[in-house]
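# Working through the structure, step by step
As a plain string of letters, each chain reads:
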Amino acid sequence: YDYGFYSSARQLTVQMMQNPQILAALQERLDGLNGSPSGYMESLPKVVKRRVNALKNLQVKCAHIEAKFYEEVHELERKYAALYQPLFDKRSEIVKAAYEPTDEECEWKADEEEELTDEMKEKAKLEEEKKDEEKEDPKGIPEFWLTVFKNVDLLSDMLQEHDEPILKHLQDIKVKFSDPGQPMSFTLEFLFEANDFFTNTVLTKTYKMRSEPDESDPFSFDGPEIMCCTGCTIEWTKGKNVTLKTIKKKQKHKGRGTVRTVTKTVPNDSFFNFFTPPDGKYDEDSEAVLAADFEIGHFIRERIVPRAVLYFTGEAIEDDDDDEGEEEADEENDPDYDPKVRSHAPPSIHPPL
């Protein structure tokens with residue numbers, strides 16, 4: 001295999017793709033291939049169009065079978081969630097210092113490149129012992145979930161400085177699936193230890209999904225759709241509600257010209273707004289908020305909860321970056337590239353209108 005030729009060809013391709021004129025011409029060509037019907041269908045005799053209608057009816061039946069497939073996938077998720085849960089429970093016990101793992105459980109063989117000489121190991125051990133002597137023995141794994149959130153851009157973007165003292169009290173996040181026979185949904189449960197900010201021990205966010213073709217547009221079916229979400233009421237301690245802030249405004253009396261200071265309570269940016277999604281009538285802004293909300297909820301369910309320790313250490317972030325790099329390369333090199341084939345693409349997002 002001529003790797004030199006491959007490298008040169010790839011470099012040429014990159015240069016071509018950076019040329020706006022070439023890109024414009026290529027896009028026009030692709031639009032011509034994919035974007036508009038050929039007109040052949042309209043030219044067909046009525047008897048052939050009738051048979052095409054039969055094919056479309058078969059396609060609708062395929063969509064309904066696909067919907068059943070996703071329902072069974074949901075059942076499998078529920079089944080395996082029960083198998084994962086004891087491991088997640090033990091993770092939670094270690095994090096919150098309810099269980100101290102044994103020496104055997106704490107053994108971890110490093111990668112070959114991370115192997116240290118005996119001298120380096122001894123030096124590292126002495127440094128660790130010195131650090132342990134200098135500070136109190138920490139319990140469990142302090143700030144575990146807060147660190148996870150801060151390490152993930154999607155979540156850290158939601159965090160404000162005033163959220164961090166509260167999230168230090170977050171002890172676990174669980175995913176609960178809807179019961180058999182019930183409409184498809186999942187609930188994220190955020191478990192908190194007793195704290196000075198609110199009295200809730202659990203905050204919840206439920207996402208309701210639909211896995212059936214829309215009768216008015218069955219061909220648009222592409223797997224489960226998140227239809228809506230509901231949060232919960234946070235019982236804030238007086239003066240501790242970080243989702244609100246008090247501002248002072250000066251108002252001038254139109255007639256007398258006197259100025260007075262008015263105190264007003266207004267919404268405040270906070271991660272905890274996550275538990276109060278938009279409801280009622282939806283405009284463009286609220287639909288954008290919902291779309292982002294659905295993406296976050298799906299990401300927590302699919303990635304954060306199953307692989308929390310790897311987001312804590314940063315290893316999962318490196319893997320995600322590698323995946324993104326591969327996907328970008330795939331997109332550049334393959335016009336038929338479908339990201340859903342490679343990754344856990346989120347369910348379709350359909351905010352109610």
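Remember, predicted model here, so these are calculated numbers, not experimental data.

### Some remarks on the confidence of the model for the chain
For the chain, the average pLDDT comes to 80, and 72% of its residues sit at 70 or higher. Low pLDDT, under 50, characterises residues 338-346; the predicted model gives this stretch 12 contacts beyond four residues in sequence or across chains. Note on residues 349-353: pLDDT is under 50 here. Beyond four places in sequence and across chains, it has 15 contacts.

### Looking at the environment of Val 60
If you trace the backbone, Val 60 turns up in helix H4 (residues 46-95). Looking at Val 60, the relative accessible area reads 21%, which means it is partly exposed. Note: C-alpha distance between Val 60 and Glu 215 (155 residues apart in sequence) is 9.3 Å. Non-local contacts of Val 60, meaning those with residues more than four positions away in its chain, are made with Pro 218 and Phe 219.

### Observations concerning the pattern of salt bridges
Under the counting rule described, the total for this entry stands at 11 salt bridges. One salt bridge connects Glu 75 with Arg 78, and the closest N-O pair in it is separated by 2.3 Å. Highlighted residues: Glu 75 and Arg 78, both in helix H4, separated by 3 residues, approximately one helical turn. A relative accessible area of 36% means that Glu 75 is categorised as partly exposed. Accessibility expressed as a relative area gives 17% for Arg 78, which makes it buried. The closest approach of N and O atoms between Lys 168 and Glu 143, which form a salt bridge, is 3.6 Å. Of the two residues, Lys 168 is situated in the loop between helix H9 (164-167) and strand S1 (170-177) and Glu 143 in the loop between helix H6 (118-134) and helix H7 (144-151); the sequence distance between them amounts to 25 residues. The exposure class of Lys 168 is partly exposed, given its relative accessible area of 42%. Each of Glu 77, Arg 301 and Glu 302 takes part in one network of salt bridges that share partners.

### So, a negative patch on the surface
A cluster of acidic residues, Glu 212, Asp 214, Glu 215 and Asp 217, forms a negative patch at the surface. Mapping Asp 214 onto the fold places it in the loop between strand S3 (202-210) and strand S4 (225-230).

### Examining the nonpolar core
Membership of the largest hydrophobic core comes to 48 residues, with the highest contact counts inside it found for Phe 149, Phe 190, Phe 271, Phe 272, Phe 274 and Ile 300. With sequence-adjacent residues up to four places away left out, Phe 272 is seen in contact with Asp 163, Ile 166, Leu 167, Phe 192, Phe 198, Leu 203, Ile 234, Trp 236, Val 242 and Thr 243.

### Examining the pairing of S3
Both strand S2 (residues 185-192) and S3 contribute to a ladder of 7 bridges, which runs antiparallel. Counted as the bridge partner of Leu 191 is Val 202 from S3. By the bridge criterion, 5 bridges tie S3 to S4 in an arrangement that is antiparallel. Paired with Arg 210 across the strands is Glu 225, a residue of S4.

### Focus on the state of the cysteines
Per the stated rule, a full pass over the model turns up 0 disulfides. No disulfide involves Cys 228; its sulfur sits 6.9 Å from that of Cys 229, the nearest cysteine. On the basis of relative accessible area, Cys 228 is assigned to the partly exposed category, the value being 26%.

### A word on the pairing of strand S6 (residues 259-267)
Direction of pairing for strand S5 (residues 244-252) relative to S6: antiparallel, over a ladder of 9 bridges. Note that in S6 the partner of Gln 251 across the bridge is Arg 260. With antiparallel pairing between neighbouring strands as the criterion, S5 and S6 make up a hairpin whose turn holds 6 residues, including Gly 257 at a positive phi of roughly 80°.

Procedures and definitions
Residues numbered from 1 in each chain as written. Predicted model: local features only at pLDDT ≥ 70, side-chain atom pairs only at ≥ 80, totals over all residues. Heavy atoms only, no water. pLDDT = per-residue confidence, 0-100. Contact = heavy atoms within 4.5 Å. Helix = DSSP H or I, 4+ residues; strand = E, 2+ residues; numbered from the N terminus. Buried < 20%, exposed > 50% of the residue type's maximum accessible area, 1.4 Å probe, protein only. Salt bridge = Lys/Arg side-chain N within 4 Å of Asp/Glu carboxyl O. Patch = residues over 30% accessible without salt bridge, like charges linked within 9 Å, V, L, I, M, F, W, Y side chains within 5 Å. Areas by Shrake-Rupley, 256 points an atom, 1.4 Å probe, with all protein chains shown as cover. Lys, Arg positive; Asp, Glu negative; His and termini not counted. Charge placed at Lys NZ, Arg CZ, Asp CG, Glu CD. Core = buried A, V, L, I, M, F, W, Y, C linked by side-chain atoms within 4.5 Å. Pairing = 2+ DSSP bridges. Disulfide = S-S within 2.5 Å.

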